[in-house]
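# Examining the three-dimensional arrangement
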Amino acid sequence: MKLLVTGGAGFIGSNYVYHVLNTHPEDEVVVLDKLTYAGNLDNLAPLTNHPRFRFVQGDICDRDLVMNLVKDVDAVVHFAAESHVDRSIEDPTVFVQTNVIGTQTLLDACRKNGNKRFHHVSTDEVFGSLGATGMFTETTSYDPRSPYSASKAASDHLVRAAYHTHHLPVTISNCSNNYGPYHFPEKVIPLFITNLLEGKKVPLYGDGMNVRDWIHVEDHCRGVDLALRNGKIGETYLFGGRSERSNMELTQTILFEMGFGKEMIEPVKDRPGHDRRYAIDPSKAEQELGWSVQVPFLHGLRKTIAWYKANPEWWQKLKNTSPVGAGSSRPTPSNSPNITKPKTLLDEFIADVEN
Ligand SMILES: NC(=O)c1ccc[n+]([C@@H]2O[C@H](COP(=O)([O-])OP(=O)(O)OC[C@H]3O[C@@H](n4cnc5c(N)ncnc54)[C@H](O)[C@@H]3O)[C@@H](O)[C@H]2O)c1
């Protein structure tokens, strides 16, 4: 199978690309990624000369580019998104552009190219916030609270509409909070690990009692791949780690594992509209896809801490560049043969000078 993976230079997308190339020796992968602040070609650097991999820098909202790329693949696995809740509170517009318009652009291209298979990667945040009990299931009503989750909810609806209206062969997955290698250090687990490696305190929102259900990114990627290959068309599958813990508990575990005490916690003002609790019931994926969690939380966390300790050159430059606005692009390293990027006037000027 030949796959177009959007957002494949991001955290989960890049982990998914490795999963596909390692587990499906016949498959080919084309990544389409705009390389926003969150996209990082270093995540894909080991694949530079891989014969079954190609990278294209571009925007999922670029209709002509998307049409051309979709024409040449069997299926689209759609990860590309603006994904950071705090950024969506500051500037929601780019979230609507990429997460809503971008998703519709991909759906249109799939439809116009003979109804190509489409798997949409979404989040449990579309379901809103839980009280002390209960779990999200595939039938939970949507109740998004942040511009990020509202834009993802809109994209889920558009994917379902494409199935019902145009019979596009789609599946959707909604997953809980991921952690693991290549996670941008603005998100809580890598932020805390890298702060501690730098001897800095860790900023903990509010009373620390917000609860999240943590899943290792490898488990999520296996789930997405099972949904793509074995999922029933038109269906939604929820993936979660069966590993709920409060942010305070999470923080204390990271501090303990890295040899620090509570004095390294710096309480900070809570995020506006901060959802209290998320929890996923992944029974449907377990029963229908034969999926289950393979990476227990403590084991996954230790592996993740070890990865950040072993790869300071990966995260230090991301932390050192002051965060650029959501939606802006990062430069592409020029020494990667499998990478196609649009020519700029500067490229042409350099080529002229070199010739
Ligand atoms: N991180 C989580 O815990 C989590 C949980 C559930 C679902 N998800 C979903 O998984 C997907 C991937 O999340 P992530 O954490 O890897 O995100 P990420 O921010 O690390 O990566 C997003 C990628 O999309 C690219 N991108 C952004 N706008 C683009 C555009 N207009 N055109 C092309 N590429 C663009 C970025 O450059 C980046 O490489 C998202 O759809 C997100 O909603 C994430």
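Residues numbered from 1 in each chain as written. Predicted model: local features only at pLDDT ≥ 70, side-chain atom pairs only at ≥ 80, totals over all residues.

For the chain, the helix and strand inventory stands at 12 helices and 14 strands. A compact globule built from 355 residues should have a C-alpha radius of gyration of about 20 Å, and the chain, at 20 Å, falls within 12% of that. Its C-alpha atoms put the chain at 55 × 55 × 40 Å along the principal axes. Counting the 355 residues in the chain, one finds 46% classified as buried. In the chain, once contacts between residues fewer than 6 apart in sequence are set aside, the share between residues at least 24 apart is 83%. (Helix = DSSP H or I, 4+ residues; strand = E, 2+ residues; numbered from the N terminus. Rg over C-alpha atoms; globule rule 2.2 N^0.38 Å. Buried ≥ 20, exposed ≤ 12 C-beta atoms within 10 Å, placed from the backbone. Contact = placed C-beta atoms within 7 Å.)

Our next topic: the site of the ligand. By nearness alone, 32 residues border the ligand, and Gly 7, Gly 10, Ala 38, Gly 39 and Ala 81 come closest of all. Elements represented by at least two residues in the shell around the ligand include exactly helix 1 (11-23), strand 2 (28-33), helix 4 (93-112) and strand 5 (117-123). In terms of residue class, the shell around the ligand is made up of 14 nonpolar, 13 polar and five charged. (Near = placed C-beta within 6 Å. Nonpolar A, V, L, I, M, F, W, Y, C, P; charged D, E, K, R; others polar.)

Now for helix 10 (residues 297-310). Given a rise of 1.5 Å per residue, 14 residues ought to cover 20 Å, and the 20 Å separating the end C-alpha atoms of helix 10 matches this to within 8%. Among the residues of helix 10, those classed as buried are Phe 297, Gly 300, Leu 301, Thr 304 and Tyr 308. Here the buried residues of helix 10 occupy an arc of 100 degrees about the axis, which is enough to place them on one side. When the buried face of helix 10 is taken as reference, the exposed residues oriented beyond 90 degrees from it are Leu 298, His 299, Lys 309 and Ala 310. Buried residues in helix 10 make contact with strand 7 (178-179), helix 6 (188-197), strand 10 (215-216), helix 8 (247-257) and helix 11 (312-320). (Expected span 1.5 Å × (residues − 1). Arc of directions from axis to C-beta.)

Turning to the nonpolar core, a few remarks are in order. If you look at the biggest cluster of nonpolar residues, it comprises 85 residues, and the most contacted ones within it are Leu 4, Val 5, Tyr 16 and Val 31. With six residues, helix 1 is the single largest residue contributor to this core. Look past the residues within four positions of Leu 4 in its chain and what remains in contact with it is Val 30, Leu 32, Leu 69, Val 70, Val 73 and Val 76. (Core = buried A, V, L, I, M, F, W, Y, C linked by C-beta atoms within 7 Å.)

The end-to-end C-alpha distance of helix 5 (residues 147-166), which contains 20 residues, comes to 28 Å, matching closely the 28 Å that a straight helix rising 1.5 Å per residue would cover. Its buried side turned inward, helix 5 meets helix 3 (85-90), helix 4, strand 5 and strand 6 (170-175). His 167, located one to two residues past helix 5, shows a positive phi value of around 60 degrees.

Structurally, the position occupied by Met 135 is in the loop between strand 5 and helix 5. The buried category is assigned to Met 135, around which 20 C-beta atoms lie within 10 Å. When the C-alpha atoms of Met 135 and Ile 280 are compared, they prove to be 5.3 Å apart, with 145 residues separating the residues in sequence. Residues in contact with Met 135, not counting those within four places in the same chain, are Ala 279, Ile 280 and Asp 281.

Right, let's talk about the pairing of strand 5 for a bit. Burial within strand 5 is extensive, with seven of its seven residues counted as buried. Here strand 5 shows a buried face lined by Arg 117, His 119, Val 121 and Thr 123 and a second buried face lined by Phe 118, His 120 and Ser 122. The pairing of strand 4 (residues 75-78) with strand 5 spans four bridges and is classified as parallel. Considered in strand 5, the bridge of His 78 is made with His 120. Bridge count between strand 5 and strand 6: six bridges; the pairing is parallel. The residue of strand 6 that forms the bridge with His 119 is Thr 171. Regarding topology, helix 5 serves as the crossover connection from strand 5 to the parallel strand 6, and that connection is right-handed. (Pairing = 2+ DSSP bridges. Right-handed = clockwise from strand over helix to strand, strands pointing away.)

Bringing the confidence of the model for the chain into the picture now. Per-residue pLDDT for the chain has a mean of 90; in total, 90% of the residues score no lower than 70. Element-level mean pLDDT values for the chain span from 30 in helix 12 (residues 345-354) up to 99 in strand 1 (residues 2-6). The model gives residues 324-337 a pLDDT under 50, and that stretch makes 30 contacts with residues more than four places away or in other chains. In this model, residues 339-355 is a region of pLDDT below 50 whose contacts with residues beyond four sequence positions or in other chains number 10 contacts. (pLDDT = per-residue confidence, 0-100.)

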